[in-house]
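A structural walkthrough
Each chain, written out:
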Protein chains: 2
Amino acid sequence: MKLYELRGKDDVRFSTFAWRSRMALLHKGLDFERVGVGMADKETISFSGQKLVPILVDGETTVTDSWRIAEYLEDTHPDAPSLFGGDTGRRFARFFNSWIDSQVMPVLFPLLAVGVTTLNAPEDEAHFRGKFEGLFKKTLEELAEGREAGLPKFQRLLAPARDLVKAAPFIGGAMPLYPDYALYGVFIWARIVSSTQVLKADDPLAAWFERMLDLYEGEGRRQRAAV
Amino acid sequence: MKLYELRGKDDVRFSTFAWRSRMALLHKGLDFERVGVGMADKETISFSGQKLVPILVDGETTVTDSWRIAEYLEDTHPDAPSLFGGDTGRRFARFFNSWIDSQVMPVLFPLLAVGVTTLNAPEDEAHFRGKFEGLFKKTLEELAEGREAGLPKFQRLLAPARDLVKAAPFIGGAMPLYPDYALYGVFIWARIVSSTQVLKADDPLAAWFERMLDLYEGEGRRQRAAV
């Protein structure tokens, strides 16, 4: 299999969505090759008929969108460790994934987005800045000034997930499930793009994140973090 | 078993938490007696050592808090239909329940709270108004003026739940599970305290709510709604 994922300057891989797919492949114990794709490089992925990464290619099959990749891996590898933990668990994962995308990442992203500019390839810089400054109607630097007020809000938003990791090592319980990877994607993105501590040191989610970084022989720790 | 639940004027039962417990008991197919408790009546429930309803009394056992009641019913009646759908499902239910309490109900409550005053017993009116006007630093009437802006925000917040009921009849899948009852508690509270339509007519969640009202021989429809 090949996983096409966003690539920044010096081959850094910071995409929150690609991390979900990468962890899902590792969870299933599958071999895969990683193919980096620049933000502006639509040529490499034109075969997929759309413009977004991650993309999974499995023989003749092309799967786009990180959630569909998760479902594809679960359905094609039912005997490998489950990503969802059953039918109700699949609904949990879908709900949680959608909660991250619609309610969690939108709060954190503008606070740290300025850090992405240090990781963008030179040819992507103007596009990235223009896109998000247009969306938020502020410069990325102005958005970063919202950190002091925004981070406590972000931390409060995570209360329902925090409850779960107080009661068990992972959101999924004794072992991680896809909701763990969806939230991990938020924190590892933050760790790569910014040196800002987005959680308080004594937050149970901070200890959970350390456990997540340890998974699969420390896969997450291999990616250089912001200094 | 006895379920102690908040009682308003003319015996109306509008508590979002009591509805969760009532539906959980019906889901389990258990017989129970409902005991109405006025907002100011701490005497009737002093046996529980705390001041909040709902309370479930099962023989010698007293269980407080709607979430703990759900876990108690699941654990003491494992052969009745499951409220959670397994261990991962229990984590889903806990997460979802906490999401409703911390992120959904706080957005809707202030918009409709003025309607509760029409249902409060006369002796509870001043207490209720004082408590929430102090909390929000606005009169209940001023809070109600936020409906036009607030309801679209409330509807957007529900996107992750809406996704699930587009794909299956209930949040739990083919049959309702506790997350259905947690969200149902929000909507039936709204239906009793206010004639405001909190969902657009073509929202998939509006059709889901009608299915929920039909459950258990139309239990929810038996409670008079606001006109």
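A few points on the structure. (Residues numbered from 1 in each chain as written. Chains lettered and ligands numbered in written order. Predicted model: local features only at pLDDT ≥ 70, side-chain atom pairs only at ≥ 80, totals over all residues. Heavy atoms only, no water.)

**Considering the environment of Phe170(B)**
Assignment of secondary structure puts Phe170(B) in the loop between helix H7 (159-167) and helix H8 (178-193). The buried category is assigned to Phe170(B), whose relative accessible area is 9%. It is 32 Å that separates the C-alpha atoms of Phe170(B) and Asp10(B), two residues lying 160 residues apart in sequence. Look past the residues within four positions of Phe170(B) in its chain and what remains in contact with it is Arg91(A), Leu164(B), Val165(B), Met175(B), Pro176(B), Asp180(B), Trp208(B), Arg211(B), Met212(B) and Leu215(B). (Helix = DSSP H or I, 4+ residues; strand = E, 2+ residues; numbered from the N terminus. Buried < 20%, exposed > 50% of the residue type's maximum accessible area, 1.4 Å probe, protein only. Contact = heavy atoms within 4.5 Å.)

**Focus on the pattern of salt bridges**
Across all of its chains, the model carries 34 salt bridges over all chains by this definition. Close ionic contact of Asp75(A) with Arg90(A) constitutes a salt bridge, the shortest N to O distance being 2.6 Å. Placement of Asp75(A) in helix H2 (residues 66-76) and of Arg90(A) in helix H3 (residues 87-116) is noted, with a sequence separation of 15 residues between them. On the accessibility criterion, Asp75(A) (48% relative accessible area) is partly exposed. We note a salt bridge from Glu141(B) to Arg129(B), for which the minimum N-O separation is 2.9 Å. With a gap of 12 residues between them, Glu141(B) in helix H5 (residues 140-144) and Arg129(B) in helix H4 (residues 125-136) connect regions that are remote in the sequence. In this structure Glu141(B) comes out as partly exposed when scored by relative accessible area, which is 38%. (Salt bridge = Lys/Arg side-chain N within 4 Å of Asp/Glu carboxyl O.)

**A short note on helix H9 (residues 204-222) of chain B**
Residues and elements named next belong to chain B. The terminal C-alpha atoms of H9 lie 23 Å apart, and with 19 residues this falls more than 12% below the ideal 27 Å at 1.5 Å per residue. At tyrosine 216, H9 shows its maximal bend, which comes to roughly 120°. Where the residues of H9 are buried, they touch helix H1 (16-27), strand E2 (33-37), H7 and H8. For H9, the N-terminal capping position is held by aspartate 203, with its side-chain oxygen 2.8 Å away from the main-chain nitrogen of leucine 205. (Expected span 1.5 Å × (residues − 1). Bend = angle between axes of the 7 residues up to and from the residue. Polar contact = N/O pair within 3.5 Å; in protein donor to acceptor, adjacent residues only side chain to side chain.)

**What to know about the relation of the copies chain B and chain A**
Structural alignment of chain B on chain A gives an RMSD of 0.0 Å, achieved by rotating through 180° and translating 0.0 Å along the axis. The superposition of one copy onto the other is thereby described by a two-fold rotation axis. Of all interface residues in chain B, 100% are interface residues in chain A too; the two copies therefore contact each other through one and the same surface. (Least-squares fit on C-alpha atoms with pLDDT ≥ 70 in both.)

**Section: the interface of chain B and chain A**
With 27 residues of chain B at the interface, the matching set in chain A holds 27 residues. For the pair chain B and chain A, the summed buried surface comes to about 2100 Å²; carbon and sulfur atoms form 62% of the total. Where chain B packs against chain A, one counts zero salt bridges. Put simply, the parts of the chain that give the side of chain B that touches chain A at least two residues each are helix H3 (87-116), helix H6 (147-157) and H7 of chain B. With 11 residues, the single largest contributor to the side of chain B that touches chain A is H3(B). Partitioned by chemical class, the residues of the side of chain B that touches chain A number 15 nonpolar, eight polar and four charged. (Buried area = accessible area lost by both parts, 1.4 Å probe. Nonpolar A, V, L, I, M, F, W, Y, C, P; charged D, E, K, R; others polar.)

**Some remarks on the sheet that holds strand E3 (residues 55-58) of chain B**
Residues and elements named next belong to chain B. In spatial order, the strands read E2-E1-E3-E4; together these four strands make up an open sheet with mixed pairing. Edge strands, defined here as strands with exactly one partner in the open sheet, are E2 and strand E4 (61-64). Pairs of neighbouring strands in the sheet enclose a mean axial angle of 20°, with direction left out of account. Direction of pairing for strand E1 (residues 2-6) relative to E2: parallel, over a ladder of five bridges. Paired with leucine 6 across the two strands is valine 37, which belongs to E2. The sheet contacts of H1 involve E1, E2 and E3, and relative to E1 the element is tilted by about 155°. Across the sheet, helix H2 (residues 66-76) touches E3 and E4, and the angle it forms with E4 is around 135°. (Pairing = 2+ DSSP bridges. Axes fitted to C-alpha atoms, helices over the stretch in contact; angles between N-to-C directions.)

**Remarks on H1(B)**
All names here are of chain B. Taking 1.5 Å per residue as the helical rise, H1 with its 12 residues ought to reach 16 Å, and the 17 Å between its terminal C-alpha atoms agrees with that figure. Burial of H1 is extensive: 10 of the 12 residues sit out of reach of the surface. Thr16, Ala18, Trp19, Arg20, Ser21, Arg22, Met23, Ala24, Leu25 and His27 are the residues of H1 that are buried. The backbone nitrogen of phenylalanine 17 lies 3.2 Å from a side-chain oxygen of the residue at the head of H1, namely serine 15. Directly beyond the C-terminal end of H1, a positive phi value near 70° is found at glycine 29.

**Observations concerning the packing of helix H8 (residues 178-193) of chain A against helix H9 (residues 204-222) of chain A**
Helix-helix packing is characterised by the crossing angle of the two axes and by the distance between the axes. All names here are of chain A. The N-to-C vectors of H8 and H9 enclose an angle of 90°; their axes lie 10 Å apart at closest approach. The angle between the axes of H8 and H9 places the two elements in the roughly perpendicular class. The residues of H9 that touch H8, namely those facing Asp180, Tyr181, Leu183, Tyr184, Phe187, Ile188 and Arg191, are Leu205, Trp208, Phe209, Met212, Leu213, Leu215, Tyr216, Gly220 and Arg221. Partitioned by chemical class, the residues of the contact of H8 with H9 number 12 nonpolar, one polar and three charged. (Parallel < 35°, antiparallel > 145°, perpendicular 65-115°, else oblique.)

**Quick word on the environment of Phe187(B)**
Residues and elements named next belong to chain B. Within the element layout of this structure, phenylalanine 187 appears in helix H8. Relative accessible area serves as the criterion here: at 3%, phenylalanine 187 is assigned to the buried category. Separated by 10 residues in the primary sequence, phenylalanine 187 and glutamine 197 place their C-alpha atoms 9.9 Å from one another. Residue contacts for phenylalanine 187: discarding those within four places in its chain leaves Phe154, Leu158, Val198, Leu199, Trp208 and Phe209.

**Structural notes on unusual backbone geometry**
Glycine aside, a negative phi is what most residues show, and trans is what most peptide bonds show. Residue and element names in this part refer to chain A. The residue after valine 53, namely proline 54, is reached through a cis peptide bond having omega 5°. Relative to the helices and strands, proline 54 is located in the loop between strand E2 (33-38) and strand E3 (55-58). You will see that aspartate 11, though not glycine, has its phi angle at about 65°, which is positive. Here aspartate 11 lies in the loop between strand E1 (2-7) and helix H1 (16-27). Judged by its relative accessible area of 39%, aspartate 11 is partly exposed.

**Some words on the sheet that holds strand E4 (residues 61-64) of chain A**
Residue and element names in this part refer to chain A. In spatial order, the strands read E2-E1-E3-E4; together these four strands make up an open sheet with mixed pairing. The sheet is open, and its two edges are formed by E2 and E4, each paired on a single side. Direction aside, neighbouring strands of the sheet carry axes that sit 25° apart on average. In this sheet, E3 lies alongside E1 in antiparallel orientation, the contact comprising three bridges. Bridge assignment links tyrosine 4 to a residue of E3, and that residue is isoleucine 55. Lying on the sheet, H2 is in contact with E3 and E4; it crosses E4 at an angle near 135°.

No statement about biological role is implied by the geometric values presented.
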